[in-house]
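Geometric and topological summary
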Amino acid sequence: MGIITISIDDELERQVRNRISAIGGFSKGALSRVFEEALRIWLSRRPIDHMVEPPRRFRAVRGKRVLAEASTLKELANELTKLRIDPRGVLILSSTQVKGARRLGMRTTARHRAGKG
Amino acid sequence: MLERVRKRMSWPIADHTAYIPIKVHNTVFGKTFPDGDELLLAVLDTGFSGFVLVPPSIFNGIRLNEMKLLRTRGILADGRSLRLRGAYGSISIPELDFFEDGLIETAPGILETIIGMEALRKLRLELDGCSDALKAYKC
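Described in the following lines is the structure provided in the data block. In this text, all values refer to a predicted model and were calculated from it rather than measured experimentally. (Residues numbered from 1 in each chain as written. Chains lettered and ligands numbered in written order. Predicted model: local features only at pLDDT ≥ 70, side-chain atom pairs only at ≥ 80, totals over all residues. Heavy atoms only, no water.)

**Observations concerning the interface of chain B and chain A**
To keep it simple, the criterion reads: Any two residues whose heavy atoms approach within 4.5 Å at even a single point are treated as in contact. What gets called buried area is simply the loss in accessible area from a 1.4 Å probe that two parts show on being joined, summed for both. Counted as salt bridges are all cases of a side-chain nitrogen of Lys or Arg within 4 Å of a carboxyl oxygen of Asp or Glu. Pairs of N or O atoms are called polar contacts if they sit within 3.5 Å, as long as, within protein, a hydrogen donor faces a hydrogen acceptor (for residues adjacent in sequence, only side-chain-to-side-chain pairs). Counting from the N terminus, the helices are the DSSP runs of H or I reaching at least four residues and the strands are the DSSP runs of E reaching at least two. When residue character is reported, Ala, Val, Leu, Ile, Met, Phe, Trp, Tyr, Cys and Pro are called nonpolar, Asp, Glu, Lys and Arg charged, and the others, Gly included, polar.
Listed per partner, the contact involves 45 residues of chain B and 31 residues of chain A. Taken together, both faces of the contact between chain B and chain A bury some 3200 Å²; the carbon and sulfur share is 56%. Remark: the boundary between chain B and chain A carries three salt bridges. Its salt-bridge partner being Glu-118 of chain B, residue Arg-102 of chain A comes within 3.4 Å of it at the nearest N-O pair. For the interface between chain B and chain A, the tally reads nine residue pairs in polar contact (both at pLDDT 80 or more). Tallying contributions element by element places strand 6 (residues 70-76) of chain B first for the side of chain B that touches chain A, with six residues. Taken together, the residues of the side of chain B that touches chain A break down into 18 nonpolar, 11 polar and 16 charged.

Encoded structure:
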């Protein structure tokens, strides 16, 4: 068994201890089991985006020519200002493609009894 | 230094609808809606695969209509198709210090602001039907 010393927020620790007490009280290893479960859940999640996906790029394009490129829109806007390019004259694209059609959900508004009219 | 406690917010679910208070930005033109401390209640719609859909008045209000627009298509649950137009902008959730760039879309007849799955990729959300609350924090 590995032994890890960690420090956590006081309030979080209080909540964890209260929850353990509420569901059957403290026993030997109760706290370790909670953290083990938390770590298993954390490991089962997908890694955060920047670890698996290439960084996103925004490009200002005129015709086929890329006039400016940056990793955020803010940086791209600054770059266009620096190059004295009117943003209205360029098409801004993202390296993350818009995939096909958007699915749009549907909302119900007023609910009436079905009937005439 | 890593932030030890992540900002976490909880918003009430009203009328069976979960709302997220946001601001919409035309980051290129430096325009924001709404101004000042006000926030726009965006409907959380997990059935919308896009980023954010706004009414034309907001889209035009932050001058996204002045940019070169991208044309996309929306498919409704009943199979009907809707023409959308969009431009890259940003949304922020001030209460979470959250800021994200993405394609902001609109179409004639859109009356509400809808926040879709693409905007939620870097958020962890808990829909708590038991206490009618939507809880959120950044990944």
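**Things to note about the environment of Asp-97 of chain B**
Residue and element names in this part refer to chain B. Selection rule: Partly exposed residues are those whose accessible area sits between 20% and 50% of the maximum for their type, while under 20% is buried and over 50% is exposed, using a 1.4 Å probe and protein chains only.
Inspection of the secondary structure puts Asp-97 in the loop between strand 7 (81-93) and strand 8 (98-106). By relative accessible area, which is 48% here, Asp-97 ends up partly exposed. A C-alpha to C-alpha distance of 7.9 Å links Asp-97 and Lys-7, two positions 90 residues apart in sequence. Ignoring anything within four residues of it in the chain, the contact list for Asp-97 reads Lys-7 and Lys-138.

**Digging into the environment of Phe-51 of chain B**
All names here are of chain B. In this fold, Phe-51 is placed in the loop between strand 4 (40-44) and strand 5 (52-53). Phe-51 sits in the buried class, given a relative accessible area of 1%. Sequence separation of Phe-51 and Leu-127 is 76 residues, and the distance between their C-alpha atoms is 19 Å.

**Details of the side chain of Glu-105 of chain B**
Assignment of secondary structure puts Glu-105 of chain B in strand 8. The class of Glu-105 of chain B is buried, set by a relative accessible area of 0%. Discounting chain neighbours no more than four positions away, the residues touching Glu-105 of chain B are Arg-102 of chain A together with Phe-48, Val-52, Leu-53, Val-54, Phe-59, Thr-72, Leu-84, Arg-85 and Gly-86 of chain B.

**Description of the packing of aromatic side chains**
Rules: Note on ring pairs: Phe, Tyr and Trp rings are taken, using the six-membered ring of Trp, and paired if centres are within 6.5 Å. Classes follow the plane angle, with under 30 degrees stacked, over 60 edge-to-face and the rest tilted.
According to the stated counting rule, one finds one aromatic pair over all chains in the structure shown. Here Phe-58 of chain A and Tyr-88 of chain B contribute two aromatic rings whose centre-to-centre distance is 5.5 Å and whose plane-to-plane angle is 70°, an arrangement assigned as edge-to-face. A residue pair is termed interchain when its members come from two chains, as with Phe-58 of chain A in strand 1 (residues 58-62) and Tyr-88 of chain B in strand 7. Take Tyr-88 of chain B: its relative accessible area is 4%, and that puts it in the buried class.

**Observations concerning the packing of helix 1 (residues 10-22) of chain A against helix 2 (residues 30-44) of chain A**
Residues and elements named next belong to chain A. For clarity, the threshold we go by: Comment: axis = line fitted to C-alpha atoms, over the contacting stretch for helices; angle = value between 0 and 180 degrees taken between N-to-C directions. Orientation categories follow fixed angle ranges, with anything under 35 degrees roughly parallel, anything over 145 roughly antiparallel, 65 to 115 roughly perpendicular, and all other angles oblique. In this scheme, a crossing is called left-handed if the near helix is turned counterclockwise away from the far one by less than a right angle; it is called right-handed if the turn is clockwise.
Running from amino to carboxyl end, helix 1 crosses helix 2 at an angle of 115°, the nearest separation of the two axes being 11 Å. Of the possible angle classes, the one that applies to helix 1 and helix 2 is roughly perpendicular. Crossing hand, helix 1 versus helix 2: right-handed. Here helix 1 contributes Val-16, Arg-17 and Ile-20 to the contact with helix 2, which in turn contributes Ala-30, Leu-31 and Val-34. Here the residues of the contact of helix 1 with helix 2 are counted per class, giving five nonpolar, no polar and one charged.

**Regarding the sheet that holds strand 3 (residues 91-94) of chain A**
Residue and element names in this part refer to chain A. For clarity, the cut-off: For two strands to count as paired, DSSP must find a minimum of two bridges between them.
Pairing in this open sheet of three strands is antiparallel, and the strands run 2-1-3 from one edge to the other. Both edges of this open sheet fall to strand 2 (65-70) and strand 3, since each of them pairs with a single strand only. Going from strand to strand, the sheet's axes swing by 30° on average, the running direction of each strand aside. As paired strands, strand 1 and strand 3 are joined by four bridges and run antiparallel to one another. Of the residues in strand 3, the one forming a bridge with Ala-60 is Ile-92.

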